[in-house]
Amino acid sequence: QPAANSNSLNFNLRIYSSQELLNDNESFENQINYNNIITKAFNIEISRSDLNNVVTGEKFNDSILNFYLKLVCNSNQASKCISIDSLITHKVLNSSLRGLPKSLEKYNNQSFFSIFCPLFLNGNHWAIIIFDVLNKKIHYYDSIFGPDNSVISKLCSILGKYITVLNGSELWNISYNGYPKQHGNDKDCGVFVCTYAKYYAFNRPFDFNQEQITEIRKSLANEIISFEIDKKFTNNY
């Protein structure tokens, strides 16, 4: 096992990459072969076309978002955060509970301080709920809309049945103020969700904004390719 530091990774995961980091002298479109899988980890495959969508301003798909959240959690073992796949949260919100106990039982055998729950809402929008297990607090981050209390209530009720540390979470305090919002488009919600998670995991102030999103997209793509959170970011942690 690797040492438990802010950049340690679980190399028992199946990982490979055949893509160099993006450079500034050549457009991403000219660097890629869209049909190739360039990275695989956490049982998720990332194709070059997936990464193209990241850097060219398209909306994130579930593969990119789930991969990145798991990468954040895996890159900072000190924060002890875990991420639940968006497919699971989607099943919860749609009351499709078949197989859910088996999918969630592993979380009762792990030690963690927080749980990331990505939400794909109304078939076209990403948001995230973070359960702060230590302080019994819920953070709701949505880059466009306000909090949806019915979503929070349903997640607390159902997840609390299967994940022991979330028992009674419907009584926890909810925080949903004072974080950056997007404007000017409806495609950056996934970028904001990934960035919320990254800054939260590394205990950084949410000091980013919409004007930085183009550069943030490129940074996210490079982190996915290299399977490592940017050292310029983690060195300040």
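So, how was this worked out
Residues numbered from 1 in each chain as written. Predicted model: local features only at pLDDT ≥ 70, side-chain atom pairs only at ≥ 80, totals over all residues. Heavy atoms only, no water. Buried < 20%, exposed > 50% of the residue type's maximum accessible area, 1.4 Å probe, protein only. Helix = DSSP H or I, 4+ residues; strand = E, 2+ residues; numbered from the N terminus. Pairing = 2+ DSSP bridges. Polar contact = N/O pair within 3.5 Å; in protein donor to acceptor, adjacent residues only side chain to side chain. Contact = heavy atoms within 4.5 Å. Core = buried A, V, L, I, M, F, W, Y, C linked by side-chain atoms within 4.5 Å. Salt bridge = Lys/Arg side-chain N within 4 Å of Asp/Glu carboxyl O. pLDDT = per-residue confidence, 0-100. Expected span 1.5 Å × (residues − 1). Phe/Tyr/Trp six-rings, centres within 6.5 Å; stacked < 30°, edge-to-face > 60°. Lys NZ or Arg CZ within 6 Å of the ring centre and 35° of its normal.

Per an unreviewed UniProt entry, the chain goes by the name Ubiquitin-like protease family profile domain-containing protein and belongs to Brachionus calyciflorus.

Undergrad: So, the pairing of strand 5 (residues 125–132): which residues are in play, and what are the values?
TA: With respect to burial, strand 5 is a largely interior element, 8 of its 8 residues being buried. Neither face of strand 5 is exposed, since His-125, Ala-127, Ile-129 and Phe-131 on one face and Trp-126, Ile-128, Ile-130 and Asp-132 on the opposite face are all buried. Summarising the sheet, strand 4 (residues 114–121) and strand 5 pair through 8 bridges and their orientation is antiparallel. In the sheet register, Leu-119 faces strand 5, and the bridge partner there is Ala-127. Remark: 3 residues form the turn of the hairpin made by strand 4 and strand 5, two consecutive strands paired antiparallel; Asn-122 in that turn has positive phi of roughly 55°. Pairing between strand 5 and strand 6 (residues 137–141): 5 bridges, direction antiparallel. For Phe-131, the partnering residue across the bridge sits in strand 6 and is Ile-138. Between strand 5 and the antiparallel strand that follows it, strand 6, lie 4 residues; Lys-136 among them carries a positive phi value of about 50°.

Undergrad: Break down the side chain of Asn-66 for me, with residues and values.
TA: The residue Asn-66 is located in helix 3 (residues 62–75) in this model. One polar contact links Asn-66 to Ser-86, side chain to side chain, over a distance of 2.9 Å. Contacts of Asn-66, omitting those with residues within four sequence positions, involve Ile-44, Ile-84, Asp-85, Ser-86 and Pro-118.

Undergrad: Tell me about the nonpolar core, and name the residues and values.
TA: Among the nonpolar cores identified, the biggest contains 44 residues, and Leu-51, Phe-116 and Ile-128 are the most heavily contacted of them. At the level of elements, strand 1 (37–41), strand 2 (44–47), helix 2 (48–55), helix 3, strand 5, helix 7 (189–201) and helix 8 (213–226) are the ones that each hand at least two residues to this core.

Undergrad: Just give me the short version of the pattern of salt bridges, but keep the residues and values in it.
TA: Per the counting criterion, the structure on display carries 5 salt bridges. Between Glu-45 and Lys-40 there is a salt bridge, with its nearest N and O atoms 3.9 Å apart. By relative accessible area, Glu-45 is classed as partly exposed at 39%. A relative accessible area of 18% places Lys-40 in the buried class. A salt bridge links Arg-217 to Asp-188; the shortest N-O distance between them is 2.8 Å. Highlighted residues: Arg-217 in helix 8 and Asp-188 in the loop between strand 7 (173–175) and helix 7, separated in sequence by 29 residues.

Undergrad: Would you mind going over the confidence of the model for the chain in detail, with residue names and values included?
TA: Of the residues in the chain, 84% reach a pLDDT of 70 or more, and the chain-wide mean stands at 85. With pLDDT under 50 throughout, residues 1–21 is counted as low confidence; its partners more than four residues away or in other chains account for 56 contacts.

Undergrad: Give me helix 7: which residues, what numbers.
TA: Between its first and last C-alpha, helix 7 extends 18 Å over 13 residues, near the 18 Å set by a 1.5 Å rise per residue. Extensive coverage of helix 7 is indicated by the burial of 12 of its 13 residues. Phi turns positive one or two residues past the end of helix 7, at Asn-203, with a value near 55°.

Undergrad: Please provide a residue-by-residue account of the packing of aromatic side chains, values included.
TA: All chains considered together, the criterion is met by 19 aromatic pairs. Centre to centre, the rings of Tyr-141 and Phe-206 are 5.3 Å apart; their planes meet at 50°, and the pair counts as tilted. Placement of Tyr-141 in strand 6 and of Phe-206 in the loop between helix 7 and helix 8 is noted, with a sequence separation of 65 residues between them. Classification of Tyr-141 by relative accessible area gives buried; the value is 7%. The rings of Tyr-141, Tyr-179, Phe-192, Tyr-196, Tyr-199, Phe-202, Phe-206, Phe-208 and Phe-233 are connected pair by pair, giving a single aromatic cluster. If you follow Lys-198 out to its NZ or CZ, it ends over the ring of Phe-233, 4.5 Å from the centre. Of note, Arg-204 hangs over the ring of Tyr-199, and the distance from its end group to the ring centre comes to 5.9 Å.

Undergrad: Give me unusual backbone geometry: which residues, what numbers.
TA: One non-glycine residue, Phe-42, lies in positive phi territory at about 55°. Note on placement: Phe-42 falls in the loop between strand 1 and strand 2. Assessed through its relative accessible area of 16%, Phe-42 is described here as buried.

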